[in-house]
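Understanding the architecture of this molecule
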Amino acid sequence: MRSHLKFLSALTLGTVLAACSSAPTAANHWVLVSQAGSSTVAVVDPQAGRVVRRISVGMLPHRLLLSPDAHSAYAVLVGSQAVAEIDLKTLSLQRTFLTAPVPERREDGTLIRAHADANASAHSSCYDCHGGGAAKPAIVGTRPFGITLSEDGLNLIVSQIRAGNLAILNREEGKLERTLPLPPTGLAKEAADVTRMGESLYVALRPPQPATTPSVVRRLDAKTLEFQSEAETGSDPAMLLPDPERGRGLVTNFETNTLSAFGVGGKSAVYTVTPGPLGMLRLPGNQLLSLNYYSNAVSLVNLGSGAVETLPLAFGGRTYVNPTHAALAPGGRTAYIVSSGTEGNLLVFDLGLKRVVGAIPVDGLSFDVLVVPKP
């Protein structure tokens, strides 16, 4: 996720938003942005067009999730083997949960003396020791990445790329309850993402990257976590998304410029978009937005007809690059899109006009976005 362009000033943005019919008319929500490059989650006021707070959470915050009661948000810390819980009332870090035990020994069986001396197993994030610079390397652990809720909402389910498993975290107790090993299929062994749809849990297993061999989308029973079925997809699946109206899951195939749909009977549809589909966002009216990282564009996909319309991310004479993820504003007329890179921006995208109408500067190497209610 590389290189980026500049932003409009907050003053100019405020003028543009005030004139735009799809912009929020009241500051009734915040927008959270995970900022992997600065180990923070930004709190954006979309009406003011600026970041109002940066919450330090841990190394490489990526995917974000809202709690069922909308009182908390969760950020997966890819580089700190943990999940951060953010209190949305105080806009502060509430606590962290380890997604795997701190190892006592290395793969060769030798004791990790520093872990023993620092009582590392008593910590709830590897960031406590490695994030401050005292311990090297800064980025460590099982690489947790995808996150979803259990069917009853009591647990967080986190996919771990390096460990090849699912971590089941108890939300109330704030700790790891158990892990579910995911047997590989061929070379596909890295748990790249996870999502739940009704009574099924979908997991994307990919081969170590870079790769050209297939990945698989595996379907598990959401209650028992028992295997149900699986189907092949591209070698680098980036995101899973439920499509409940059709009883299927969608996956972006980053390297083949496609979105694939999987139902109980296997693959049911393929949609071709422009290079680098990464994130997806369901929209009102049977539509989906594909965030195409290498194209500096988004694709508007009609899930019924299969029609695809590509829309550039340009505004004020500038092109905004490397879109990663998007979130829908209340009312469904505006999408917030993360333009990643060394100079990050949160783009305000008018879905009716099908174009960018504003840009809010955020930190570089930002990734995911989540709309949350103000208290």
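Above this note sits the structure.
Treat the numbers as computed from the prediction; the structure is a model and nothing was measured. (Residues numbered from 1 in each chain as written. Predicted model: local features only at pLDDT ≥ 70, side-chain atom pairs only at ≥ 80, totals over all residues. Heavy atoms only, no water.)

Let us look at the overall build of the chain. Of regular secondary structure, the chain possesses three helices and 30 strands. For 375 residues, the compact-globule estimate of 2.2 N^0.38 gives 21 Å, and the chain sits close to it at 20 Å. Along the three orthogonal principal directions, the C-alpha set of the chain runs to about 60 × 45 × 35 Å. Here the chain holds 375 residues, and the buried ones make up 57% of them. In the chain, the share of contacts with a sequence separation of at least 24, taken over all contacts with a separation of at least 6, comes to 46%. With an accessible surface of roughly 15200 Å², the chain has 53% of that area assigned to carbon and sulfur atoms. (Helix = DSSP H or I, 4+ residues; strand = E, 2+ residues; numbered from the N terminus. Rg over C-alpha atoms; globule rule 2.2 N^0.38 Å. Buried < 20%, exposed > 50% of the residue type's maximum accessible area, 1.4 Å probe, protein only. Contact = heavy atoms within 4.5 Å. Areas by Shrake-Rupley, 256 points an atom, 1.4 Å probe, with all protein chains shown as cover.)

For the rest of this paragraph, the subject is the sheet that holds strand β8 (residues 144-149). Read from one edge of the open sheet, four strands run β8-β9-β10-β11, paired in antiparallel fashion. The open sheet has two edge strands with one neighbour each: β8 and β11 (175-181). Across the sheet, the mean angle separating the axes of adjacent strands is 25° when strand polarity is ignored. Alignment of strand β10 (residues 165-170) against β11, held across six bridges, turns out to be antiparallel. Following the sheet pairing, Leu-169 is matched in β11 by Leu-176. (Pairing = 2+ DSSP bridges. Axes fitted to C-alpha atoms, helices over the stretch in contact; angles between N-to-C directions.)

Scanning all chains against the criterion turns up five aromatic pairs. Taken together, a centroid distance of 6.2 Å and an interplanar angle of 50° make the contact between Phe-254 and Tyr-293 tilted. Here Phe-254, found in the loop between β17 (248-253) and β18 (258-263), pairs with Tyr-293, found in the loop between β21 (287-292) and β22 (297-302); they are 39 residues apart in sequence, far enough to count as distant. Both residues of the pair, Phe-254 and Tyr-293, belong to the buried class. Measuring from centroid to centroid gives 5.2 Å for Tyr-293 and Tyr-294, while their planes differ by 75°, and the two rings are edge-to-face. For Tyr-293, a relative accessible area of 1% translates into the label buried. Looking at Tyr-294, the relative accessible area reads 45%, which means it is partly exposed. An aromatic cluster of at least three residues, connected via ring pairs, comprises Phe-254, Tyr-293 and Tyr-294. Over the aromatic face of Trp-30 sits the side chain of Lys-374, whose NZ or CZ is 4.1 Å from the ring centroid. (Phe/Tyr/Trp six-rings, centres within 6.5 Å; stacked < 30°, edge-to-face > 60°. Lys NZ or Arg CZ within 6 Å of the ring centre and 35° of its normal.)

Right, let's get into the nonpolar core. Of all hydrophobic cores here, the largest spans 18 residues; its most connected members are Leu-289, Val-298, Leu-313, Ile-337, Leu-347 and Phe-349. Looking at this core, the elements with two or more residues in it are β20 (277-283), β21, β22, β27 (334-339), β28 (344-350) and β29 (355-362). Excluding residues within four positions of it along the chain, Phe-349 makes contact with Val-298, Leu-311, Leu-313, Arg-333, Thr-334, Ala-335, Ile-337, Lys-354, Arg-355 and Val-356. With 17 residues, the next largest nonpolar core counts Leu-32, Ala-75, Ala-84 and Leu-88 among its residues. (Core = buried A, V, L, I, M, F, W, Y, C linked by side-chain atoms within 4.5 Å.)

Burial analysis of β27 places six of its six residues in the buried class, which makes it a mostly covered element. Burial along β27 is two-sided: Thr-334, Tyr-336 and Val-338 facing one way and Ala-335, Ile-337 and Ser-339 facing the other are all buried. As defined by bridge partners, strand β26 (residues 323-328) adjoins β27 across four bridges and the pair is classed as antiparallel. Opposite Pro-323, over in β27, you have Ser-339 as the bridge partner. With antiparallel pairing between neighbouring strands as the criterion, β26 and β27 make up a hairpin whose turn holds five residues, including Gly-331 at a positive phi of roughly 100°. Count of turn residues in the β27/β28 antiparallel hairpin: four residues, of which Gly-341 carries a positive phi of about 135°.

Okay, the pattern of salt bridges next. Between side chains of opposite charge, a pair can form as their charged atoms come close. Under the defined criterion, the tally for this structure stands at 16 salt bridges. Here Arg-206 and Glu-190 are joined by a salt bridge, their closest N and O atoms 2.8 Å apart. Taken together, the residues span a long stretch of sequence, with Arg-206 in strand β13 (residues 200-206) and Glu-190 in strand β12 (residues 190-197) at a distance of 16 residues. Residue classification places Glu-190 among the buried residues on the basis of a relative accessible area of 14%. Connected through salt bridges with shared partners, the residues Asp-243, Glu-245, Arg-246, Arg-248 and Arg-282 form a single ionic network. (Salt bridge = Lys/Arg side-chain N within 4 Å of Asp/Glu carboxyl O.)

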